Protein chains: 6
Amino acid sequence: MVHIQRREVFCAAHRLYNDALSAQENEELFGKCSWEFGHGHNFEVWVTVKGEVNPKTGFVMNLSDLKALMMRFVIDPLDHRHLNLDDTFMKGILPSTENLAIEIWNQLCEPVAEFGSLLHCVRVVETENNAVEYFGA
Amino acid sequence: MVHIQRREVFCAAHRLYNDALSAQENEELFGKCSWEFGHGHNFEVWVTVKGEVNPKTGFVMNLSDLKALMMRFVIDPLDHRHLNLDDTFMKGILPSTENLAIEIWNQLCEPVAEFGSLLHCVRVVETENNAVEYFGA
Amino acid sequence: MVHIQRREVFCAAHRLYNDALSAQENEELFGKCSWEFGHGHNFEVWVTVKGEVNPKTGFVMNLSDLKALMMRFVIDPLDHRHLNLDDTFMKGILPSTENLAIEIWNQLCEPVAEFGSLLHCVRVVETENNAVEYFGA
Amino acid sequence: MVHIQRREVFCAAHRLYNDALSAQENEELFGKCSWEFGHGHNFEVWVTVKGEVNPKTGFVMNLSDLKALMMRFVIDPLDHRHLNLDDTFMKGILPSTENLAIEIWNQLCEPVAEFGSLLHCVRVVETENNAVEYFGA
Amino acid sequence: MVHIQRREVFCAAHRLYNDALSAQENEELFGKCSWEFGHGHNFEVWVTVKGEVNPKTGFVMNLSDLKALMMRFVIDPLDHRHLNLDDTFMKGILPSTENLAIEIWNQLCEPVAEFGSLLHCVRVVETENNAVEYFGA
Amino acid sequence: MVHIQRREVFCAAHRLYNDALSAQENEELFGKCSWEFGHGHNFEVWVTVKGEVNPKTGFVMNLSDLKALMMRFVIDPLDHRHLNLDDTFMKGILPSTENLAIEIWNQLCEPVAEFGSLLHCVRVVETENNAVEYFGA
């Protein structure tokens, strides 16, 4: 088993605000992340796929295929969007980095499996100091 | 003359949209940067100050003073804000990286001068591929 | 289970020298790391915590809490200190990067558990070429 | 058990081309990576070794020993070479990043074991967007 | 005047060898860079353009235009090529990083001027330790 | 004129303390940088040399020569040393980053000139947030 990793970046706005809570509770829980108009990040997404090396290609999975899946299912939908307001797969989900990693996993898990490989990890780097990793349920 | 440089980071949302133009012109000029709800970045700000080295301290300017100026005049106002919608020094200004660098210069020029040093350059890094430098008028 | 990661940096001096050994043995084992007055590094500390995502917050653990624990138990004690000479939790311990990772784990393990999360990994990056990871005993 | 990691870099040319396939099949599989004269990368190699911490040294394994093994068995043979054409341990092997990681593992596994440590992972970073990890058969 | 900067990366092979000199002289001058089959790098290219900010757009020059020029005149020709052997604008030129920066300047100078801006600097980063900057004749 | 740049790193301890001042004044001026036993950094040194490109080599100056000068005059003397206590060219000089850049310039200026090139800039990066540049008197 070998792990391959591909990185892509998207730039998006988001706001941490739980509509089921009061404004004051949101302020206490999320601080400046809860402010009304949102803020944003350059989100780095690292996807790890594992599998056997195909002797014909030397590849676990062609990185150009993995890149195409990431562009189609993650980057094109989210890039230059507001994760709370735009109509993407994050709409209606509290856009914490944790939930973002889980939902990116959910987008990619089946498409990667159709290539005969296994999705192993989704890593989302929100700032140079914060990151999340999800390895599936 | 020696140059000293200090970096700080803020996370903000913005949208490139000129209200004097039609929606179609904005789309043509700014593409995905013009989308309605905005997107965001981790903006790195590098400030360069120049001056003589004070023999008592070995410093051009104490970096803890420069950091305090950057926090007060740039990072605290802009961090976790939407540059088009929140009430900051960018309000009403098309928030391109160029204009951001110029306005950060305008915020810092006098406060740095009050410390007996000269502001030399403001560098704003918007993504790992894009940056702007402003050296004053 | 989701993993969250937070990075903080501290700047410290240290010296690799085992008092139970002769000067010559120390020189042979540790080379330039054993020199009398010590040297130093910008040490990056990455802490990984794992747990379930709280549906109310979207968080495994609030990163502002994790940051506060890291500042209180690791960064404030060690930053701008000499790990052999100053009175910190490293005093009396051979300050290799391995031992540093283990002792940072020991500082953080219980405080993280009190937040209902599990400490998973402490990573200490000593230089751009050297790092250590500890996952607990 | 503690993990230690050492990074070294080598600069090499390679070409992805399977001699058992036609030129057209190679073009379809490998695209621009198959072009006749090859291209190149700054390959980063991260080696992870695990073991108990020796109380005498505070080390799992002396990083100067690990560095020496990496230089002797990996960097000196591959640096400034063409992986398809020069006479190295990669000669005759399709030089995908996957195969490179596996062969570097094969070079280092026994030499690391002779130091009483266990090779845990070989990570090869081909570009800032692509990497491979191998943990042994 | 504001400076804007755009980064792109290409991966190429090259060899430092002056055909007007003997093999021994090449070995003495260029060492391992002169070896027969070449080696390679991930070359980062930073292009700096300067000009006035257009009040309509907030831009010195639209970065999507600058990116398109860099792709057309630099990255597409050089990416995944061997700078000595493939038929690019570097053919017949000793492909030192200095000459690469100069020739990239020559490719971009006029196309940038056609957009009403001035090419200010071409920076080529060959490895994390080596870089060249060219500011024109 | 072309600029070439070479980076090297050294790891050292230092303390900001002016013996002509009282302990209290030092604490006020330098804060935690003045603490008794010192702290340390991974100091990155970027040296920029400028000159004409030699048509025989394609080089302003052979980077292996520049590297050798940096190792001999800067890195070997300072690496793994305490800048206040060890007997180096920094002994007796308040080891601020500014003074470090100036003294590194003083070490390298003549040796670079002997190769027929001009030292243009010494950049010292103390942390990821702080740097100093010196361009000569």
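Provided above is the structure to which this section pertains.
This section reports on the structure supplied with the text. Predicted model only: the values in this text are computed from it and were never measured.

Thoughts on the environment of C:Thr127
- Here C:Thr127 shows up in strand β3 (residues 118–127).
- By relative accessible area, which is 14% here, C:Thr127 ends up buried.
- For the pair C:Thr127 and C:Leu16, spaced 111 residues apart in sequence, the C-alpha to C-alpha distance is 15 Å.
- Apart from the residues lying within four places of it in its own chain, the contact partners of C:Thr127 are C:His41, F:Cys11 and F:Asn42.
- One polar contact links the side chain of C:Thr127 to the main-chain amide nitrogen of C:Asn130, over a distance of 3.2 Å.

Notes on the relation of the copies chain A and chain B
- Each copy superposes on the other: chain A lies on chain B with an RMSD of 0.0 Å after a rotation of 180° and an axial shift of 0.0 Å. In the structure described here, the two chain copies are related by an operation that fits a two-fold rotation axis.
- The share of interface residues of chain A whose copies in chain B are also at the interface is 100%, consistent with both copies meeting through the same surface.

Quick notes on the sheet that holds strand β1 (residues 2–14) of chain C
- Sheet architecture is closed into a barrel: 12 strands sit in the order β1(A)-β2(A)-β3(A)-β4(A)-β1(C)-β2(C)-β3(C)-β4(C)-β1(D)-β2(D)-β3(D)-β4(D), paired in antiparallel fashion. Across the sheet, the mean angle from the axis of one strand to that of its neighbour is 25°, orientation sign disregarded.
- Relative to strand β4 (residues 130–134) of chain D, strand β1 (residues 2–14) of chain A is paired through five bridges, and the arrangement is antiparallel. Counted as the bridge partner of A:Ile4 is D:Val132 from β4(D).
- Here helix α2 (residues 63–78) of chain C sits on the sheet in contact with β4 (130–134) of chain A together with β1 and β2 (39–51) of chain C, set at roughly 20° to β1(C).

Some details on the pairing of strand β2 (residues 39–51) of chain F
All names here are of chain F.
- With 11 of 13 residues buried, β2 is to be regarded as a mostly interior element.
- Relative to β2, strand β1 (residues 2–14) runs antiparallel, the two sharing 13 bridges. Bridge pairing in β2 places Phe10 opposite Phe43.
- For β2 and strand β3 (residues 118–127), the ladder comprises seven bridges, and the chain directions are antiparallel. Its bridge partner being in β3, Val45 is matched across the sheet by Val124.

What counts, and at which threshold
Residues numbered from 1 in each chain as written. Chains lettered and ligands numbered in written order. Predicted model: local features only at pLDDT ≥ 70, side-chain atom pairs only at ≥ 80, totals over all residues. Heavy atoms only, no water. Helix = DSSP H or I, 4+ residues; strand = E, 2+ residues; numbered from the N terminus. Buried < 20%, exposed > 50% of the residue type's maximum accessible area, 1.4 Å probe, protein only. Contact = heavy atoms within 4.5 Å. Polar contact = N/O pair within 3.5 Å; in protein donor to acceptor, adjacent residues only side chain to side chain. Least-squares fit on C-alpha atoms with pLDDT ≥ 70 in both. Pairing = 2+ DSSP bridges. Axes fitted to C-alpha atoms, helices over the stretch in contact; angles between N-to-C directions.

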